[in-house]
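# Summary of structural features
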Amino acid sequence: MKAETNVQSQPQAIQIRNLRIDPPLLLAPMAGLTHSAMRRIMIGFGGVGLLSTEMLSAKRLPTENPRISPYLIRTDRENPLSYQLLTSSDSEIARAIDALHALKADAVDLNMGCPSTAVGRFGAGVVLMDQPDRVRRIVAEARKRTALSLSAKIRLGSDPDSGRLKEFCTMLENEGVDMLTVHARFRHEPFARNPRWTYIAEIKECMKIPVIANGGVFSTEDAEKCLRVSGADGLMLGRGAVTRPWLFAEIARTVLGRDIPERAVSLPDVYAAFVEALNADYRPIYRLGRLKEFTHYFSRNYKFGHSLATRVQSSNSMEDAMERATAFFTKNSTSA
Ligand SMILES: Cc1cc2nc3c(=O)[nH]c(=O)nc-3n(C[C@H](O)[C@H](O)[C@H](O)COP(=O)(O)O)c2cc1C
């Protein structure tokens, strides 16, 4: 039996070229977080329509070794998987896309939303939104080089200017972008600020391609509200899904009415599975930093989670971190 749902018109599966995103729930690209170990935990719970890598430097990608690179390690189960490119120039696109084809990417995403000053200094990320001609060349080159689904991820731009924003989005569509994800914050707005989902509704009005809403979805209630306010064709989840890797399944079940079995969540088991995946497939130097990044978010499931985060943060080995985490779990038993 299908679960009862709350959204009046639920977004349907998205079909772009030969990519099917079903349910229309996407994992956000997140540096240091959305790597193979994290993706495996999420797909274990179900409900993810499209997985993602973190942003990958288009310049460096062709020289990365996919067997050992923590950015590129991937198991057969991680499907479909979108690879996000970070670039400032069309001259980097051809080699990067050749590399993505060799990696059997299911989709290609272009980063136009990263607000980091370090990234901006190289002319990449959200600063591209102020350079539509450069973006036009990048997208045109990418479109020419691949028949895979091509998407772009943007913010709302530098300041409130709906006309300019819509013009930018229309340009992306005209150059051949198949899907647009909008992180509903302006360039300089911190995560603490409420996302502006109504802007997505404005963008949606002038687009023919699917528009995905991103920013500030941490619960099924947020998902429902975001879909209602934005009218988006799907949702992209970032921090909420890292904190609660079962959030996709919950939203798919209760908001989109998908028939996904409910599973009891054991927080220590989720943590142990993440550690196991890191230990099994990542070189030692790539493990502890990723465990600390994950713990920062995962610890929010506990009332006194800051204590877990601090203990793991000051660990100097995986064994040490796991010992401290286990001691914390023993004292703080809770279920999600
Ligand atoms: C630690 C971290 C790393 C991120 N790295 C990327 C990235 O590599 N590429 C990107 O487009 N956005 C990146 N983002 C932004 C997220 O994709 C997403 O737009 C943002 O977190 C808002 O969504 P959320 O509220 O669901 O987390 C990052 C965000 C965080 C917190």
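Residues numbered from 1 in each chain as written. Predicted model: local features only at pLDDT ≥ 70, side-chain atom pairs only at ≥ 80, totals over all residues.

Turning our eyes to something else, we now look at the environment of W197. Take W197: it is sitting in helix α6 (residues 197-205). On the neighbour-count criterion, W197 (23 C-beta atoms within 10 Å) is buried. Setting aside residues up to four positions removed in sequence, W197 forms contacts with A184, A213, C226, V229 and S230. (Helix = DSSP H or I, 4+ residues; strand = E, 2+ residues; numbered from the N terminus. Buried ≥ 20, exposed ≤ 12 C-beta atoms within 10 Å, placed from the backbone. Contact = placed C-beta atoms within 7 Å.)

The local shell around the ligand holds 22 residues, among which A28, M30, M55, G238 and R239 are the closest. Broken down by secondary-structure element, the contributors of at least two residues to the shell around the ligand are β4 (51-57) and α8 (239-243). A per-class count over the shell around the ligand returns nine nonpolar, ten polar and three charged. (Near = placed C-beta within 6 Å. Nonpolar A, V, L, I, M, F, W, Y, C, P; charged D, E, K, R; others polar.)

Turning next to the packing of helix α1 (residues 36-45) against helix α10 (residues 267-281). Across the interface, α1 lies against α10 with an axial gap of 9 Å and an inter-helix angle of 140°. Here α1 lies oblique to α10, going by the angle between them. Here the hand of the crossing between α1 and α10 comes out right-handed. Residues S36, A37, R40 and I41 of α1 lie in contact with α10, whose contacting residues are V270, A273, F274, A277, L278 and D281. Across the contact of α1 with α10, the residue classes break down as seven nonpolar, one polar and two charged. (Axes fitted to C-alpha atoms, helices over the stretch in contact; angles between N-to-C directions. Parallel < 35°, antiparallel > 145°, perpendicular 65-115°, else oblique. Left-handed = near helix turned anticlockwise from the far one by under 90°.)

The next thing to look at is the confidence of the model for the protein chain. Low-pLDDT stretches of the model should not have their predicted coordinates read in fine detail. Looking at the protein chain as a whole, its pLDDT mean stands at 96, while 97% of the residues score no less than 70. Note that residues 1-6 has pLDDT below 50 and, in this model, twelve contacts with residues that lie over four places away or in other chains. (pLDDT = per-residue confidence, 0-100.)

With that out of the way, let us pick up the sheet that holds strand β9 (residues 211-214). One key point about sheets: their strands pair by backbone hydrogen bonds, in either a parallel or an antiparallel sense. Across the sheet, eight strands lie side by side as β3-β10-β9-β8-β7-β6-β5-β4; this open sheet has parallel pairing. Of all strands in the sheet, those bounded by a partner on one side alone are β3 (25-27) and β4. Ignoring which end each strand starts from, the neighbouring axes of this sheet average 25° apart. Bridge count between β3 and strand β10 (residues 234-237): three bridges; the pairing is parallel. (Pairing = 2+ DSSP bridges.)

Now for helix α12 (residues 305-313). Among the residues of α12, G305, L308 and V312 are the ones counted as buried. Projected onto a plane normal to the axis of α12, the buried residues spread over an arc of 55° and lie on a single side. Contact partners of the buried residues in α12: α11 (288-298) and α13 (318-331). (Arc of directions from axis to C-beta.)

Quite often, the size of an interface is put as the accessible area lost when its parts meet. Looking at the assigned domains, one finds that the protein chain contains domain 1 (14-254) and domain 2 (267-331). Each of domain 1 and domain 2 has a C-alpha centre, and these two points are 27 Å apart. Counting residues at the interface gives 16 residues for domain 1, matched by 16 residues for domain 2. Among the secondary structure elements, those contributing two or more residues to the side of domain 1 that touches domain 2 are α1 and α8. By residue number, the principal contributor to the side of domain 1 that touches domain 2 is α1, which donates five residues. In terms of residue class, the side of domain 1 that touches domain 2 is built from nine nonpolar, four polar and three charged. (Domains from an automatic or database assignment.)

Attention now moves to the environment of V265. When you line up the elements, V265 lands in the loop between α9 (247-254) and α10. Owing to 16 C-beta atoms within 10 Å, V265 belongs among the partly exposed residues under this scheme. In this structure the C-alpha to C-alpha distance between V265 and W246, which are 19 residues apart in sequence, comes to 8.1 Å.

This part covers the pairing of strand β6 (residues 107-112). In terms of burial, β6 is largely enclosed, as six of its six residues are buried. Every second residue of β6 is oriented toward a common face, with A107, D109 and N111 on one face and V108, L110 and M112 on the other, all of them buried. Pairing geometry for strand β5 (residues 81-86) and β6, over four bridges, is parallel. When the bridges of β6 are listed, L85 appears paired with L110. This β-α-β element, β5 to helix α2 (residues 93-102) to β6, shows right-handed connectivity. Inspection of the sheet shows β6 paired to strand β7 (residues 149-154) by six bridges, in the parallel sense. Paired with N111 across the strands is K153, a residue of β7. (Right-handed = clockwise from strand over helix to strand, strands pointing away.)

The next point concerns α1. With eight of ten residues buried, α1 is to be regarded as a mostly interior element. If you check which residues of α1 are buried, you get S36, A37, M38, R39, R40, I41, M42 and F45. Considering only its buried residues, α1 is in contact with β3, β4, α8, α9, α10 and α11. Of the residues one or two after α1, G46 is the one with positive phi, at around 90°.

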